[in-house]
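# Structural description and commentary
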Amino acid sequence: MDQYYDTKSAKASLDAIVKERSGLLTGINPNSILSNLNITDINVTETAGPQAWRLTEYNPAEGNMEEIVFKLHGIVCGKMLPPVSKPITTAAMARQRPYIRQAVTVTGLGCDFFESSRRGIEELYILYANNCPVDSLDGWQCGTYENFSSIDSHARYFSRITNNNDGADAVPFNPMVDPDGTLNSMISDGYYHGPENMVEYRSRCIGRDEAVKYTYISPATIRIGDIVELSVTFAVFPCKDKRYKMVPQLRGVLLLNQEARDKATILRMRSRFTPAPTQIVTSKRKPLYTDEEAVEETQRRLAKMNITQ
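Residues numbered from 1 in each chain as written. Predicted model: local features only at pLDDT ≥ 70, side-chain atom pairs only at ≥ 80, totals over all residues. Heavy atoms only, no water.

## Here we look at helix α1 (residues 7-28)
- In a regular helix each residue adds 1.5 Å, so 22 residues correspond to 32 Å; α1 covers 31 Å between its end C-alpha atoms and thus fits that length.
- Buried residues of α1: Ala-10, Leu-14, Ile-17, Val-18, Arg-21, Ser-22 and Leu-25, and no others.
- The backbone nitrogen of Lys-8 lies 3.3 Å from a side-chain oxygen of the residue at the head of α1, namely Asp-6. (Helix = DSSP H or I, 4+ residues; strand = E, 2+ residues; numbered from the N terminus. Expected span 1.5 Å × (residues − 1). Buried < 20%, exposed > 50% of the residue type's maximum accessible area, 1.4 Å probe, protein only. Polar contact = N/O pair within 3.5 Å; in protein donor to acceptor, adjacent residues only side chain to side chain.)

Shown next as structure tokens:
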């Protein structure tokens, strides 16, 4: 976002969209909205493959506990997204398999709801801290973007095969994520691509008849300045020295509005072209009667007089 991006207009659009989406999501699952949590309905459940602790709630329709997917709205202010292009050599990239990831950072540009979302994450942190050994959970820190709060979430491309995780749930890479097969070529040596590594990329499309569709899009479509809805889960993983860490895991990106970014693109494009100076043509009016004409007429008259004499 630069001087061509209208932050005031984008912030107003974000506020309006959040109100609309919150009303919709409240009817589906009230606890999915980070800015309006009811922490008493959330449970901490230990899972295997890999070992982790996750936030769950009871689903009466299914009769079991399921992980809560939270919704976080904001404006994209940072990203590291697919597609993954083919490098000159995959050897160095393969060594980074435990760490390479797709990530998105969003900000609310000071909107109240975003600050409420930040406080909601801090409540989830406290819930986890109360279920971990005393002072063993590493702190979670909210980021900043131009003096505004920002929140980061990511998903790694690979999971590690362990005694508790044999990789039987492996899934193929989306062609829009790995068009050249670069990531797919690195599935070996105890690494695989599973459900924990998948991120859905969609766009909300509203037709002329007001019908809403969520269509799949390429991650390359999502740019800085877009208004999005992130689907995020929060899990705690064991680390070295009996420490634990809470990780915001990216599950999906829903593109909601890109008008502010599009307008900035047009203004930026126009600024690169200086219009050619217009040549001003000045016309000099000739005198209607000149001394040359008077002299000529005099000479003609004198000549005529000499002939008549």
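Having seen the structure, we can now continue with the description.
## Some remarks on the pattern of salt bridges
- A complete count under the given rule lists 13 salt bridges for this structure.
- Between Glu-200 and Arg-202 there is a salt bridge, with the nearest N and O atoms lying 3.1 Å from each other.
- According to the relative accessible area criterion, Glu-200 is partly exposed, its value standing at 39%.
- Connected through shared salt-bridge partners, Arg-54, Glu-67, Glu-196 and Arg-251 make up one network. (Salt bridge = Lys/Arg side-chain N within 4 Å of Asp/Glu carboxyl O.)

## Observations concerning the nonpolar core
- Of all hydrophobic cores here, the largest spans 52 residues; its most connected members are Phe-70, Leu-230, Phe-234 and Val-253.
- Sequence-distant contacts of Leu-230, that is, excluding residues within four places in its chain, are made with Phe-70, Lys-71, Leu-72, Val-104, Val-106, Ser-153, Leu-250, Gly-252 and Val-253.
- Val-84, Phe-158, Leu-183 and Tyr-191 belong to the second largest nonpolar core, which has ten residues in total. (Core = buried A, V, L, I, M, F, W, Y, C linked by side-chain atoms within 4.5 Å. Contact = heavy atoms within 4.5 Å.)

## Description of the packing of aromatic side chains
- A complete count under the given rule lists four aromatic pairs for this structure.
- Consider the rings of Phe-158 and Phe-173, whose centres lie 5.8 Å apart with planes at 75°: the pair is edge-to-face. In this pair, Phe-158 sits in the loop between β7 (148-156) and β8 (159-160) while Phe-173 sits in the loop between β8 and β9 (191-192), placing the two residues 15 residues apart along the sequence.
- Here Phe-158 falls in the buried class, since its relative accessible area comes to 5%.
- Residue classification places Phe-173 among the buried residues on the basis of a relative accessible area of 10%.
- Looking at Arg-202, its charged tip hangs above the ring of Tyr-216, at a distance of 4.0 Å from the centre. (Phe/Tyr/Trp six-rings, centres within 6.5 Å; stacked < 30°, edge-to-face > 60°. Lys NZ or Arg CZ within 6 Å of the ring centre and 35° of its normal.)

## Examining the layout of surface pockets
- Considering only enclosed or pocket space, the largest pocket measures out at about 1,100 Å³ in volume.
- Considering the residues around the largest pocket, the lining is formed by 36 residues, among which His-154, Arg-156, Phe-237, Val-247 and Gln-249 are closest to the centre.
- Those elements giving two or more residues to the lining of the largest pocket turn out to be β7, β8, β12 (227-238) and β13 (244-257).
- When its residues are assigned to classes, the lining of the largest pocket shows 15 nonpolar, twelve polar and nine charged.
- Put simply, the second largest pocket is a space of about 550 Å³.
- Around the second largest pocket, the lining comprises 23 residues; the ones closest to its centre are Val-69, Lys-71, Glu-200, Glu-229 and Ser-231.
- Those elements giving two or more residues to the lining of the second largest pocket turn out to be α1, β3 (64-67), β10 (200-206), β12 and β13.
- Its residues placed into classes, the lining of the second largest pocket shows ten nonpolar, four polar and nine charged. (1 Å grid on protein atoms, 1.4 Å probe; cavity = no way out; pocket = protein on both sides within 12 Å on 5 of 7 lines; lining within 4 Å. Points joined across faces, edges and corners; volume = space filled by probe spheres on them. Nonpolar A, V, L, I, M, F, W, Y, C, P; charged D, E, K, R; others polar.)

## Details of the pairing of strand β2 (residues 52-59)
- Among the eight residues of β2, seven are classified as buried, and the element is accordingly described as predominantly covered.
- Summarising the sheet, strand β1 (residues 43-47) and β2 pair through five bridges and their orientation is antiparallel. Each bridged residue has a counterpart across the sheet, and for Val-44 the counterpart in β2 is Leu-55.
- The turn linking β1 back onto β2 is made up of four residues, and Gly-49 within it adopts a positive phi angle of 70°.
- Relative to β12, β2 runs antiparallel, the two sharing two bridges. Each residue of the ladder has a partner; that of Arg-54, found in β12, is Ala-235.
- Inspection of the sheet shows β2 paired to β3 by four bridges, in the antiparallel sense. Within β3, the position partnered with Tyr-58 by the bridge is Met-65.
- Here β2 hands over to β3 after four residues, with Gly-63 in that stretch at a positive phi of 75°. (Pairing = 2+ DSSP bridges.)

## Topic: a nonpolar patch on the surface
- A cluster of nonpolar residues, Leu-24, Ile-28, Ile-206, Val-212 and Tyr-214, forms a patch on the protein surface that exposes about 470 Å² of accessible area.
- Those elements that place two or more of their residues in the nonpolar patch are α1 and β11 (212-216).
- With respect to the helices and strands, Ile-28 occurs in helix α1. (Patch = residues over 30% accessible without salt bridge, like charges linked within 9 Å, V, L, I, M, F, W, Y side chains within 5 Å. Areas by Shrake-Rupley, 256 points an atom, 1.4 Å probe, with all protein chains shown as cover.)

All quantities given are derived from atomic positions and should not be read as evidence of function.
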